[in-house]
Every structure is written in C-alpha cells, then in structure tokens.
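What follows is the residue order along each chain.
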Amino acid sequence: MKKTLYFTTILFAFIIYDARPAANPFLVDLARTFSRDIFEMNGVPYMEPVVQVMNAVSNSRFFNSAYIPKYAEKPYFKFSINGMMGFVPESKKWYSPQMPNEQLTYEGFAKGNYGTIGYDIATQKFKINIADTAELIYFMFKGMIYDGIQNKSLQVPAKAATALGNNQAVFPLPDSVLKDLFKNLSVDFNGYKLKFYDYLPPELRDSVEKLLVQFPDAFTLPPGSDLSTLFAAVPQLEIGSLYGTELLLRFIPPVNMGETVGDFAFWGIGLKHNVSQYFNRSEKPEGRVFDLALQVVYQGTSLENKVGVTGADLKANATMWDLNIHASKSFIDIVDLYTGFSVEFIDISTEYNYFLPMELQIQLGLRQVNPQTGEIYPVSPEFPGDNSPQKAELSLKDTNYKWIIGASKQIGNFAIHADFSMSKINMATLGIEYKF
C-alpha cells in the first residue's frame, strides 16, 4: 500500500482506514521525532505570518488629527469604531520548506553519544558499538536524507505556501530510494570511509529496512488559505485635554476571526501631545498654519487557535511600542488632511502544543480503526494513542517603519476618517467617531 503523509495546516495527516497491528516502538519513536522536527522547521514559518500580519493590522488607526486644545473647560471624550484592513504582501505567502537532515560525520556520531567506532586488531576489522539504538536510527535517517538531497535522489520543494498563501508542494520519500541511501550511508573515520550498513548488526539492519518500508513515502505540504487581506475592528476611546495632551484607550476581548486566525484579543494605551501649541498662537482653525503632535502607544495582543486536523494549540502573545509624529491641516467646513510617520517595535512569543495526528497514530498502530465503518476505537492498553505531547516555541523581534496619509470629515459631533499606511504590510483603515 502506498503511504502518503499530508502535512495539513501545520502537522501531518493521511487517510488510512484499514486496521493496523500494535505499534512498533522504533517506528513510533522515529515518526514522533521526525514530526517534531518537521513541525519546528515548517509548522512555525507556515503559521507565523498570520501572527505577524494580524499584529501589524491591529497596531494602526491611532490618530486622525494632530490638534489638541491646550485648555479644556471640562474633559471631552471621543469614541470611535475603527476597521483596519491589511494587505498581505507576497513575501508573507511563501517560505522555504526544510526537511530534517544532517551530514553523517564521526564527530556527530561521537558527540551524540550514539556509540563508538573502533578497530578490532584480532579480526582486523572496524567495529561499531551501539549505545542508543533509537537515537542512532534517527541520526542515520537524517544522514540518509542529507545524502539524498545532495545527490538529488530526494527533492525539497523550492517554496511552500504559508497559511496565507496557496500552492501544493510535495517532498517524496520513496522507500526504494531510502533503502539505497541506507545501504550506501558512510562516515569518514581516520581517513577510512566506513559504510554503516556493513558494520551494523544484521538484526538492526533488518529492523531499519522494515522501518523504511513502513515509513510514509511522501509529505504533502498544505496549500494555505489563499488570503490577500486580513481585517480587524477595534473600539477606541480618547480623553482630553490636559496641557494639550490626550489619553488613548483601546480594548477588545477575544473574538473569533475565522479558521485561519482563531481567537484574537488586544488592548492598548497611549498618550498624544500637541507640539504645535508652542508655535501656534491661535486656538481657532483659521489661525493655525498646521498642527503637529507626538504620540506613543503601548499595545498587547493575544492569539489562540486550534491549528489543522491535529488540533495543535497555538498561543501567541505580542507587545508593541508605536512612536509616531503626525501633522494635520484643517480646511474649514471642507475636510481635514493628516499624515504621519511611525516607528514600531514588536516582540512576539508563540507556543505550539501538539500530538501526532490521529491518522498517523492509526498507521503507527497507536490507535485502531474499524475497517468497515472507519470508526476509531477508544484507547486501550494495546492501543494507547499518542500520550506524549510535544511543544515548539518561537520568539520574534521586529522593527517596522510606516508612513500614513489620510483625511477626516467632521459632521456635527460625528467624524469619518479614512487613511492608508505604507510599510512592510500596507493597510487601509476607516473609522467613525463620536465626540461628547
């Protein structure tokens, strides 16, 4: 039976409905370790653009005017609902996929404590003494993939889609190629090129060859959701004025943003100070050439999602600083124009907790399925399922520069604002504001 393992929306899944024998411990360990490395190499860059774009989209719509009265007889409040639409750049739709591989060297063999290589004077032959069979098998497996990539018998796709992109990329691992790579796997030892296959115990050689036959022979990377835009909406409250300074507050509880994004929440607090009060002598619009303000905003976000058919738990938390200088000009009874330059500092930490996909557990013999109905039987001592969750963590720091240009129209106590931001991720925003 040909086996194809699908890496779907982060991890892998393949549909096999026939019952399997009890799990082979070496096969389970090999698959679990390989899936962990595949996840860390491909799952994170697959999903990370969603986290980056959503945080960039939420880190906008902070100002629509630089004017703040120097004195206010009583506090005023400006409440607004703002929609932000981010345009996904092409660079966020692709990544370079990687497969776990490592050149087999004596230094790596010795450093990994897999065993020792020595020369038996009595037999005048080299001898490999194995200390950890399971770890050695995976070490050899990565060496085989390395050799296959180098001699082009195994092909790594040049690019694969992120969760925001769309293409079909496949990494084939045919068992016939793997068996040839296994038989020719060698290591340099003191000037001698030793073939591992020739020096392994016969029973271990047989076990590895059986594992290679049972191991899935193709990984299909997911096509993504093919998204060109991401949207966020946020309520915002501005309170003024104290010495030409306004306080900004924004908050939104966890809201489900769809299958690709998941539950997204954020909060923010900022201060804006009117710099033009020091050179504008008039408080009236007709007496001011333009208005200028400085603003600093601190914002936090959280994103939680169940990723793919494996139900991997994604948790991403981010903190951001936005420092901006912006100017505005009021054309009385017509429109207000504004523009600004912003520098953003973002710090994102993500954590993934995941199990092997159910379909993979079935193939490995960790779970059993009814071949007629496709029903998955409950766990049992013989078929315990995957009871060893794995974790992957990533931290990301980034700096972004943004230029914003927009217009605002006042209609009584209401105002409508629209602007466009140019940066790594271009954005369009629209806001409706009520002042009281």
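Just so it is clear, the model here is predicted, and its values are computed rather than measured. (Residues numbered from 1 in each chain as written. Predicted model: local features only at pLDDT ≥ 70, side-chain atom pairs only at ≥ 80, totals over all residues. Heavy atoms only, no water.)

Trainee: What is the right way to look at the packing of aromatic side chains in this model?
Mentor: Where two aromatic rings form a pair, the distance of their centres and the angle of their planes describe that pair. Taken as a whole and judged by the stated rule, the model has eleven aromatic pairs. Note on Tyr 434 and Phe 436: the rings are 5.9 Å apart at their centroids and 25 degrees apart in plane angle, and the pair reads as stacked. Judged by its relative accessible area of 32%, Tyr 434 is partly exposed. A network of ring pairs unites the aromatic residues Phe 77, Phe 414, Tyr 434 and Phe 436 as a single cluster. Its end group placed over the ring of Tyr 197, Arg 205 keeps NZ or CZ at 5.0 Å from the ring centre. The ring of Tyr 67 carries Arg 288 above its face, with NZ or CZ at 4.0 Å from the centroid. (Phe/Tyr/Trp six-rings, centres within 6.5 Å; stacked < 30°, edge-to-face > 60°. Buried < 20%, exposed > 50% of the residue type's maximum accessible area, 1.4 Å probe, protein only. Lys NZ or Arg CZ within 6 Å of the ring centre and 35° of its normal.)

Trainee: Would you take a moment to explain helix α6 (residues 202-214) for this structure?
Mentor: Two residues of an α-helix separated by three or four positions point the same way, owing to the 3.6 residues in each turn. Along its 13 residues, α6 runs 19 Å from first to last C-alpha, staying within 8% of the 18 Å computed at 1.5 Å per residue. Along α6, the positions that sit buried rather than exposed are Leu 204, Arg 205, Val 208, Glu 209, Leu 211 and Leu 212. Viewed end-on, α6 has its buried residues packed into an arc of 155 degrees, placing them on one side of the element. Counted as exposed and oriented over 90 degrees from the buried face of α6: Glu 203 and Lys 210. (Helix = DSSP H or I, 4+ residues; strand = E, 2+ residues; numbered from the N terminus. Expected span 1.5 Å × (residues − 1). Arc of directions from axis to C-beta.)

Trainee: What is the right way to look at the pairing of strand β13 (residues 245-256) in this model?
Mentor: Along any regular strand the residues' side chains alternate between the sheet's two faces. Across four bridges, strand β12 (residues 229-240) lies against β13 in antiparallel orientation. Pairing of Glu 238 across the sheet is with Leu 248, part of β13. Counted along the chain from β12 to the antiparallel partner β13, the turn is four residues long, and its residue Tyr 243 has a positive phi close to 55 degrees. Bridge count for β13 against strand β14 (residues 263-274) is ten bridges, and the pairing is antiparallel. Paired with Arg 250 across the bridge in β14 is Gly 268. (Pairing = 2+ DSSP bridges.)

Trainee: Looking at this model, I keep getting lost on helix α1 (residues 25-58). Mind explaining?
Mentor: Taking 1.5 Å of rise per residue, the 34 residues of α1 would be expected to cover 50 Å, and the 47 Å separating its terminal C-alpha atoms lies within 8% of that figure. Maximal helix bending in α1 amounts to about 40 degrees, located at Phe 39. Of all the 34 residues making up α1, 27 are buried; the element is thus mostly covered by neighbouring parts of the structure. (Bend = angle between axes of the 7 residues up to and from the residue.)

Trainee: Just to check I follow, could you spell out the nonpolar core for this structure?
Mentor: In summary, soluble globular proteins display a tendency toward joint burial of nonpolar side chains. In terms of nonpolar packing, the biggest core is built from 41 residues, with Phe 34, Met 140, Phe 141 and Phe 196 touching the most fellow members. Broken down by secondary-structure element, the contributors of at least two residues to this core are α1, α3 (133-150), α4 (175-183), α5 (196-199) and α6. Ranked by residue count, the leading element in this core is α3, at eight residues. Residue contacts for Phe 141: discarding those within four places in its chain leaves Leu 30, Phe 34, Leu 178, Leu 212 and Phe 215. Core analysis: the next-biggest nonpolar cluster, separate from the first, contains 37 residues, Ala 160, Ala 169, Val 261 and Met 320 among them. (Core = buried A, V, L, I, M, F, W, Y, C linked by side-chain atoms within 4.5 Å. Contact = heavy atoms within 4.5 Å.)

Trainee: Could you clarify how one ought to interpret the pattern of salt bridges in this entry?
Mentor: Where charged atoms from two side chains of opposite charge approach closely, those side chains can pair. In total, this model carries eight salt bridges according to the counting rule given. Of the charged contacts, one joins Lys 424 and Asp 398 as a salt bridge, the two residues approaching to 2.9 Å between their closest N and O atoms. Residue Lys 424 is found in the loop between β19 (414-422) and β20 (427-435), and its partner Asp 398 is found in strand β18 (residues 390-411); the two are separated by 26 residues along the sequence. The network of salt bridges with common partners includes Lys 78, Glu 246 and Lys 272. (Salt bridge = Lys/Arg side-chain N within 4 Å of Asp/Glu carboxyl O.)

Trainee: So what exactly am I meant to see when it comes to the confidence of the model for the protein chain here?
Mentor: Close inspection of predicted coordinates is inappropriate in any region flagged by low pLDDT. On average, the protein chain scores 82 in pLDDT, and the residues at 70 or more come to 89%. Of all secondary-structure elements in the protein chain, the lowest mean pLDDT belongs to strand β2 (residues 11-13), at 30, while β19 reaches the highest, 93. Overall, residues 1-21 carries pLDDT values under 50, and its contacts beyond four positions in sequence, including any with other chains, amount to 87 contacts. (pLDDT = per-residue confidence, 0-100.)

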